[in-house]
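Below, each chain spelled out in residue letters.
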Amino acid sequence: MQRLVKLAALLAKTLGYIGALAVVAMMLHISLDVILRNAFRYSMNTVPEIVARYYMTALAFLPLAWLEMRRDMISVELLDFALSARARRISDVSVMLLASVVYGLLAWTNWGKAMRETRVGTLVEIADYKMAVWHSFYFAPIGFTLAAVACLLLAFGRLFPVIGTPIEEAIHER
Amino acid sequence: QNLLLAPAAPGPHPANYMYQQFATFLEEESGGAMTGTVLGPEVVSLPQMKDALQTGLANVGNALPLYFAADFPQTGVAGDLALLGRSPHAMAWAMTEFGVTCAPCQDEFKEFGAVFLGAGSSDVYVLITTKPVRSVDDLQGLRLRSGGAPYSRWAENFGATPVNLPVGDTFEAMSQGTIDGTMASIVDMLSYRLVDVAKYVTDVPLGTYHVTSNFTTALDTWNDMSLEQRTQFVKAANRGDPQLTDRWGFQLPAEARAAVEANSDIEVITPDADFLAASEAFAAADVAAKAAENPLSADFAALVEKWEAIVEEVGNDPEALAARAWDEIWAKVDLETYGQ
Amino acid sequence: MSVEIGLWGVAALGVLLVLRLPVALALIIVSFTGIWAMIGLKPAMGILQNTPYSFVASWTMSAVPMFLLMGFVAFHTGMTAGLFDAAKVVLARLPGGLAISSIFACSAFASVSGSSVATAAAMGRIAIPEMVRAGYRPSIAAGSIAAGGTIGALIPPSILMIIYGIIAETSVTQVFLGGLTIGILTAISYAIVVVIISVTRPDLIPPRTEVIRGEGARVFVKLLPVGALVLLVFGGLFSGLFTATEAGAVGALGTVVITAATGKLTRKAISRSLIETVTTTGSLLIIGIGATMFTRFLGLSGLQNFIAQAVAGADLSYVGLMLIIVVIYLILGTFMEPFGAMLITLPVFLPVLGAQDISLVWFGVLVVKLLEVGMITPPVGLNVFVIRNVAAAHVTTVQVFKGVIPFIIADVFVVALVIAVPALVLFLPGLL
Ligand code: NA
Ligand code: NA
């Protein structure tokens, strides 16, 4: 059980790092286009579409589970100071369970969308060239699914250290 | 019955104008039994149209087939003949008749979860640039935004570089010199504020944007209608269709022309005869090549010829054209089985 | 259609946020439930299905992570520390000199950044720890940068102003020129706020930071790398080498190259910058998705008609109309994202303005300013959230919201001034 939880946490972390790779790729790809355009008057016409559909979606969706495990999600924290440790734990667990349900719904609907886009073979027409982009629809459901699992694990982790501890270890070890 | 209508465009845009008119027509034709609520682009935007129609977020929507190129490979061939466009209303009605009568196109709409009820067209595109284009030679090495493959072929043929760019970025790209201009409707002068950055308009007729589906109706909504309701609905749509062309192809271009003429920083260039002849020759060759490739393209080209003659005869009045189109197109359609 | 459901949705959002739900989650739950109640479960599922991808897969949006990366790399390589040493030499004599110099640094950064979130993040990472070290109350330090970030969308280039120009069909260049005026007015008003606080409440802002003496010229040598970066981004942007969307990526790469050349770029700096870029972007984008769903929900509820009725009620005087417009934007700004708020309101307001003979350029400047106030008001204030994220060691979200209060008061004065004297904003565009 513990090893399985740790594996999930490591997977979340890895997807987060893939998000970081997307950031690097975005920087290099856009810069390369700017350089080629100004130095050689050569345009890679596909850059805006690749940036929007692949790098941005990978960056936005893949790291979600990792963000949840790192507690990076933003809340207003209005009542935090007034809660006892016990009340806070109850609140944390219910919020995490609710988050899991919402991510689950997002995952479910977005899996459906990704599969429909695949069936159609969604593409964009760029000048005289057709670029297939249906693959890019999978980042969202993958990210949401793992985030749903992560929130479920975190909810139980708040109750049972046997689940909570390995998550903490996996996320914070370097 | 109140229908959710999604033009996917903000107030001043021709699609929104057309939808406001359509809502009125719908009430008129149905004697008040059917009404519409026009949704803003913040509720349904162009890329969201397919999902919106399929999930019932909108009952009727402005779906651009070229935006969903993978869903509409056959319908889209009409767009390959963009350089054919010289008369906005003729292009719009040819597109409407093409969409209604072409069997593979009908299949594509069915698969999309919707019913096709007519199209509209832009005005004839021109060159809007920051450098003067008076002759073919002036095109050499220019970087021009292209809104589609035919325009890219035109630009490349004359030694310019077509650039793919989101249309909303045109203003910034032109003001910063990342592009030298755009092949577009003169309306973009106002709707994308190019009037602030452009220096020249070259009146070389390029072509039209006409692969539209104005009142794409969700299959669920269509199936729920009785034959009488469908007839009323199609009558309203048929009157609504030419409103897009009237707005986008005539009213707004007139406004944009006036704004350009009032602006002393912008010169309107009538290109020399050699340039015009070369452009027309390329357009004819390009259209002929595309029509030879695909029988559907040939069908569309024939319909353009047919409607150019009709528009020549009837004139540009939207209601008169709608009346004629009812006889030419919709009277021949069995609405009991249409779209099924 | 059913404005009541829309208003209930707004109330429910407030309750869920107080109940400690993450902002994104609360927005998504309310939108989903609200649309379900209005038109059914299937369309509600449809919203879940197509909002995330269509919101995120955006070329314009890519400027956000790129400008964030640029700011984080500049911070972790110590590149921008020099900026503050220099600022101290020049401005430390003023009461609250450090905060004033960070506000003006925000204004300088605004001339290369099109978005206020990126401006707030880039400057916040640099300036807040510095101010806290100098004895500032963390909430005020964070508040000054959250507010200062809004200048990013006022001083051109500005994505919001471009969008306004397109919707209102008015000159973007002229709106930009008006934005320059209101951006500078905003910076000055914030500086005055800082001086007042520092004089009246030395416990919040220490009246005088220690002045670094005798460093003079050496401090300015430290400015060279930053100078090179500004030259690259600013110069490239205005000579047309790249667009405002691309500027972030070129700036980030430029920062990497410059700091690598000066030997400051460590492996640790790279990995920390990347992780912060991913976490900050990720937590903002998911809120953006929620806010977009919420906008779609409010649009469906017929909020526009509700607003139209409020405006159409009797024939209003100029002041009466402006009062209504300001209040509507301040209310919408508390929980909506600016782009959606514009799409919902402008179709209602623009015709009314025409009837009253009000300049569309001036109105655009006013609207963008009001929407930017919304970026720092609770409960949904993206600038505040991004500051909370980059200064997590120093402040909580509520503390940042407290810290921006004096700056919101300054904003109200600036807005009142602009309404009272429209010529202020219209002076520069008039010269064109
Ligand atoms: Na700016
Ligand atoms: Na707010």
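Residues numbered from 1 in each chain as written. Chains lettered and ligands numbered in written order. Predicted model: local features only at pLDDT ≥ 70, side-chain atom pairs only at ≥ 80, totals over all residues. Heavy atoms only, no water.

Considerations on the overall build of chain A
Selection rule: A run of DSSP states H or I qualifies as a helix once it reaches four residues; a run of E qualifies as a strand once it reaches two. Both are numbered from the N-terminal end. Note on areas: Shrake-Rupley with a 1.4 Å probe; residue coverage comes only from the protein chains shown.
Helix and strand content of chain A: six helices and two strands. Along chain A, helices (α) and strands (β) appear in the sequence α-α-α-α-β-β-α-α when read from the amino end. Structurally, chain A occupies a C-alpha span of about 65 × 35 × 35 Å along its principal axes. Of the roughly 8100 Å² of accessible surface on chain A, a fraction of 68% belongs to carbon and sulfur atoms.

Thoughts on the overall build of chain B
The condition that has to hold: When we talk radius of gyration, it's over C-alpha atoms, and the globule rule is simply 2.2 Å times the number of residues to the 0.38. Each residue is placed in one exposure class: buried if its accessible area under a 1.4 Å probe, protein chains only, is under 20% of its type's maximum, exposed if it is over 50%, and partly exposed if it falls in between. Charged residues are defined narrowly, with Lys and Arg counted positive, Asp and Glu counted negative, and His plus the chain ends left uncounted. For charged residues, the charge sits on one atom: NZ in Lys, CZ in Arg, CG in Asp, CD in Glu.
Counting secondary structure elements, chain B contains 13 helices and 11 strands. Since a compact globule built from 340 residues should have a radius of gyration of about 20 Å, the 20 Å found for chain B is in line with a globular shape. Considering chain B as a whole, with its 340 residues, one finds that 64% of them fall into the buried category. Carbon and sulfur atoms provide 51% of the accessible area of chain B, an area that totals close to 11000 Å². Measuring between centres, the 19 positive side-chain charges of chain B sit 2 Å from its 46 negative side-chain charges.

Quick notes on the state of the cysteines
All names here are of chain B. Condition: By disulfide we mean two sulfur atoms from cysteines, separated by a distance within 2.5 Å.
For the structure on display, the rule yields one disulfide over all chains. Each sulfur of the disulfide joining Cys102 and Cys105 lies 2.0 Å from the other. Around the S-S axis, the bridge from Cys102 to Cys105 shows a dihedral of about 85° and counts as right-handed. You'll find Cys102 and Cys105 in the same group, each marked buried.

Observations concerning the interface of chain C and chain A
Selection rule: Contacts are assigned to residue pairs with any non-hydrogen atoms lying within 4.5 Å of each other. The term buried area denotes the loss of accessible surface (1.4 Å probe radius) that occurs when two parts are joined, taken as the sum for both partners. Salt bridges are identified by distance alone: a Lys or Arg side-chain nitrogen within 4 Å of an Asp or Glu carboxyl oxygen. Any pair of nitrogen or oxygen atoms within 3.5 Å is treated as a polar contact; in protein, a donor-acceptor pairing is required on top of that, and neighbouring residues in sequence qualify only through side-chain atoms on both sides.
Facing 56 residues of chain C, the contacting portion of chain A comprises 58 residues. The junction of chain C with chain A conceals about 4900 Å² of combined surface from both sides, 76% of it contributed by carbon and sulfur atoms. Summed over the three residues of chain C that lose the most area to chain A, namely Arg20, Tyr53 and Val278 of chain C, the buried surface amounts to 18% of that side. Taken together, chain C and chain A are joined by two salt bridges. Arg37 of chain A serves as the salt-bridge partner of Glu246 of chain C, at 3.0 Å between the closest nitrogen and oxygen. Counting across the interface, chain C meets chain A through 10 residue pairs in polar contact (both at pLDDT 80 or more). Those elements that place two or more of their residues in the side of chain C that touches chain A are helix 1 (3-18), helix 2 (23-39), helix 3 (41-56), helix 4 (63-76), helix 13 (244-261), helix 14 (267-300), helix 19 (382-390) and helix 20 (397-420) of chain C. A per-element tally of the side of chain C that touches chain A places helix 14 of chain C first, with 14 residues.

Some points on the coordination of the sodium ion (ligand 2)
Residues and elements named next belong to chain C. Selection rule: Only nitrogen, oxygen and sulfur atoms qualify as donors, provided they sit within 2.8 Å of the metal or within 3.2 Å for Na, K and Ca; with water excluded from the atoms, sites may seem incomplete. The geometry test gives tetrahedral to four donors whose angles all lie between 85 and 135 degrees, gives square planar to four donors and octahedral to six donors whose opposite members are over 155 degrees apart with all other angles between 65 and 115, and gives irregular to the rest.
At 2.2 to 3.0 Å from the sodium ion (ligand 2) lie its protein donor atoms, namely Gly333 (O), Thr334 (O), Gly374 (O), Thr377 (O), Thr377 (OG1) and Val380 (O). Taken together, the six donor atoms surrounding the sodium ion (ligand 2) define angles of 71 to 161° at the centre, an arrangement classified as irregular. Of note, the donors binding the sodium ion (ligand 2) are all from one chain and are spaced G-T-x39-G-x2-T-x2-V. The residues Gly374 and Val380 share a single accessibility class, namely buried.

Here we look at the UniProt feature "transmembrane region" (unreviewed entry) in chain A
All names here are of chain A. Stated precisely, the cut-off is as follows: UniProt positions are given in the numbering used here, feature names are shortened, and annotations may be inferred rather than shown by experiment.
This chain's UniProt record puts "transmembrane region" (unreviewed entry) on residues 7-30, 50-69, 90-111 and 131-156. The straight-line gap between the two end C-alpha atoms of residues 7-30 is 35 Å; of that span, 100% is helix and 0% is strand. Structurally, residues 131-156 is divided into 69% helix and 8% strand, and its ends, taken at the C-alpha atoms, are 44 Å apart.

Here we look at the packing of helix 2 (residues 47-61) of chain A against helix 3 of chain C
Defined as follows: Orientation is described by axes fitted as lines to C-alpha atoms, over the contacting stretch for helices, and by angles from 0 to 180 degrees between their N-to-C directions. Gly counts as polar in this scheme, as do all residues outside two lists: the nonpolar Ala, Val, Leu, Ile, Met, Phe, Trp, Tyr, Cys and Pro, and the charged Asp, Glu, Lys and Arg.
The contact between helix 2 of chain A and helix 3 of chain C brings their axes to 8 Å, and the two run at 115°. Contact residues: Ala52, Arg53, Met56, Thr57, Ala60 and Phe61 of chain A in helix 2 of chain A; Pro52, Tyr53 and Val56 of chain C in helix 3 of chain C. Within the contact of helix 2 of chain A with helix 3 of chain C, the residues separate by chemical class into seven nonpolar, one polar and one charged.

Details of the interface of chain A and chain B
Each partner contributes to the interface: chain A provides 16 residues, whereas chain B provides 17 residues. Around 1500 Å² of area is buried between chain A and chain B when both sides are counted, 44% of it from carbon and sulfur atoms. One can count two salt bridges joining chain A with chain B. Linking Lys113 of chain A and Asp51 of chain B is a salt bridge whose minimum nitrogen-to-oxygen distance equals 2.6 Å. Where chain A touches chain B, the interface holds four residue pairs in polar contact (both at pLDDT 80 or more).

Some details on the packing of aromatic side chains
Selection rule: Any Phe, Tyr or Trp ring, taking Trp's six-membered ring, that has another such ring centre within 6.5 Å forms a pair; planes under 30 degrees apart are called stacked, those over 60 apart edge-to-face, and the others tilted. Whether a charge sits over a ring comes down to the Lys NZ or Arg CZ being within 6 Å of the ring centre and within 35 degrees of the ring normal.
Per the stated rule, a full pass over the model turns up 31 aromatic pairs over all chains. When the centroid spacing of 6.2 Å and the interplanar angle of 85° are considered together, the rings of Phe385 of chain C and Phe401 of chain C count as edge-to-face. Placement of Phe385 of chain C in helix 19 and of Phe401 of chain C in helix 20 is noted, with a sequence separation of 16 residues between them. Assigned by exposure class, Phe385 of chain C and Phe401 of chain C land together as buried. Taken together, the ring pairs in this structure connect Tyr67, Phe68, Phe72, Phe109, Phe112 and Phe116 of chain B into an aromatic cluster. Sitting over the face of the ring of Trp66 of chain A, Arg70 of chain A holds its NZ or CZ atom 5.0 Å from the ring centroid. Over the ring of Tyr17 of chain B we find Arg247 of chain B, and its NZ or CZ is 4.5 Å from the ring centre.

Describing unusual backbone geometry
Residue Pro379 of chain C is reached from Pro378 of chain C by a cis peptide bond, and omega for that bond is 0°. Here Pro379 of chain C is to be found in the loop between helix 18 (360-374) and helix 19. At Ala8 of chain B, a residue that is not glycine, the phi angle is positive and equals roughly 55°. Along the polypeptide, Ala8 of chain B turns up in the loop between strand 1 (2-6) and helix 1 (14-29). Taking the relative accessible area as the measure of exposure, Ala8 of chain B reaches 12% and is therefore buried.

Section: the sheet that holds strand 5 (residues 126-129) of chain B
Residues and elements named next belong to chain B. Short version of the rule: Two strands pair under a simple rule: DSSP has to find at least two bridges between them.
Taken together, the six strands give an open sheet; going across it, the order is 7-6-8-5-9-11, and neighbouring strands pair in mixed fashion. With partners counted over all chains shown, the strands left at the sheet margins are strand 7 (161-163) and strand 11 (267-269), one partner each. Taking the axes of each pair of neighbouring strands and ignoring which way they run, one obtains an average angle of 25° across the sheet. With three bridges connecting them, strand 5 and strand 9 (residues 200-202) associate as antiparallel partners. Paired with Thr129 across the strands is Tyr200, a residue of strand 9.

Focus on a nonpolar patch on the surface
Residues and elements named next belong to chain A. What counts, and what does not: Distance thresholds for patches are 9 Å for like charges and 5 Å for nonpolar side chains (Val, Leu, Ile, Met, Phe, Trp, Tyr), applied to residues having over 30% relative accessible area and no salt bridge.
Judged by side-chain polarity, Leu97, Leu152, Phe156, Leu159, Phe160 and Val162 come together as a nonpolar surface patch covering roughly 500 Å² of accessible area. Residue contributions to the nonpolar patch peak at three residues, all from helix 5 (residues 139-159). Turning to its location among the elements, Leu97 is positioned in helix 4 (residues 85-120). Accessibility expressed as a relative area gives 36% for Leu97, which makes it partly exposed.

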